[in-house]
Amino acid sequence: MRIKTNNQYKLSHILPILGLAGASVVSSCEKIEPIERPKTVIEYKLQSGYPLDAMWEWNQIYTFSGLETYLAQDYIDTIYIVPTGTLWPTYSKQTISDLRNQYLEPLLNKSQKIRGRGDFDFKSGINESDSLWFIKNGWTINQQQH
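Nothing here was measured: the structure is a model prediction, and the numbers come from that model.

Student: Whenever I open this one, the pattern of salt bridges confuses me. Can you help?
Tutor: Working definition: two side chains of opposite charge can pair if their charged atoms are close together. Summed over the entire model, instances satisfying the criterion amount to 4 salt bridges. In this structure, Arg100 engages Glu105 in a salt bridge whose closest nitrogen and oxygen atoms are separated by 3.5 Å. A relative accessible area of 15% places Arg100 in the buried class. Measuring nitrogen to oxygen at the nearest pair gives 3.0 Å for the salt bridge that ties Arg100 to Asp130. On the criterion of sequence distance, the pair formed by Arg100 in helix α3 (residues 93-110) and Asp130 in helix α4 (residues 128-136) is long-range, its members being 30 residues apart. Put simply, Glu43, Lys45 and Arg117 are held in one network by salt bridges that share partners.

The following block contains the structure:
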């Protein structure tokens, strides 16, 4: 002998239960955000060279092409131009002005990401307007940095 049970469900009770189940399934789906890279700071070495024309040729090919790649990356926040080398004291006033006007100023004007950092070890007697420009743009002059 079989016993059949006939359960009577009221439609008014089933709809809220289905709504609650559907809401819990939908709310458990999370949006997947794209992975964001952390901001990056790059130090770009500017080697002292002599004669200055040789430094221009080497640095314009190397620096501008390299910086273009860095500037195109959204995750790169700042690019610091850092002077290195031991030949900075051999630069004359005119060479320092040329370094500023022909190379560094156009480089800094290229993008807001590019800034100066570090110390230029020029010999004493640099033009005041040049020294103020270097300091304004983040470099120091003749200050030992550790």
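Student: It is not clear to me how α4 should be interpreted in this structure. Could you clarify?
Tutor: All of the buried residues along α4 are Asp130, Ser131, Trp133 and Phe134. Seen end-on, α4 carries its buried residues on one side only, within an arc spanning 160°. Exposed positions of α4 whose direction lies more than 90 degrees from the buried face are Glu128, Ile135 and Lys136. Close packing links the buried residues of α4 with α3, β4 (119-120) and β5 (140-141). Backbone geometry just downstream of α4 places Gly138 in the positive-phi region, at approximately 105°.

Student: What's the story with the packing of aromatic side chains in this structure? I'm lost.
Tutor: Each aromatic ring pair is summarised here by two numbers: the centre-to-centre distance and the angle between the ring planes. Under the definition given, this model contains 12 aromatic pairs. Seen in terms of ring centroids, Trp88 and Phe122 are 6.0 Å apart; in terms of plane orientation they differ by 90°. Their pairing is edge-to-face. Here Trp88, found in the loop between β2 (76-84) and α3, pairs with Phe122, found in the loop between β4 and α4; they are 34 residues apart in sequence, far enough to count as distant. Just as Trp88 is buried, Phe122 falls in that class too. Centre to centre, the rings of Phe134 and Trp139 are 5.8 Å apart; their planes meet at 65°, and the pair counts as edge-to-face. For Phe134, a relative accessible area of 0% gives the class buried. One aromatic cluster in this structure is built from Trp88, Tyr91, Phe120, Phe122, Trp133, Phe134 and Trp139. A cation over a ring is seen here: Arg117 above Tyr80, with NZ or CZ 3.7 Å from the ring centre.

Thresholds applied
Each chain has its residues counted from 1, running along the sequence as written. In keeping with the model being predicted, local features are shown solely for residues with a pLDDT of at least 70 and side-chain atom pairs are shown and tallied solely at 80 or more, while totals for entire chains, interfaces and linings include all residues. Side-chain numbers here rest on the full set of heavy atoms in the structure, without hydrogens or water. Definition used for salt bridges: Asp or Glu carboxyl oxygen within 4 Å of a side-chain nitrogen of Lys or Arg. Exposure classes here rest on a 1.4 Å probe applied to the protein chains alone. A residue is buried below 20% of its type maximum, exposed above 50%, and partly exposed in between. By definition, any uninterrupted DSSP run of H or I lasting at least four residues is a helix, any uninterrupted run of E lasting at least two residues is a strand, and each is numbered from the N terminus. Think of the arc as the fan of directions from the helix axis to the C-beta atoms. In what follows, residue pairs with any heavy atoms lying within 4.5 Å of each other are defined as contacts. Classification of ring pairs uses Phe, Tyr and Trp, with its six-membered ring standing for Trp, and accepts pairs whose centres are within 6.5 Å; under 30 degrees between planes counts as stacked, over 60 as edge-to-face, and the remaining range as tilted. By definition, being over a ring means that NZ of Lys or CZ of Arg is both within 6 Å of the ring centre and within 35 degrees of the ring normal.

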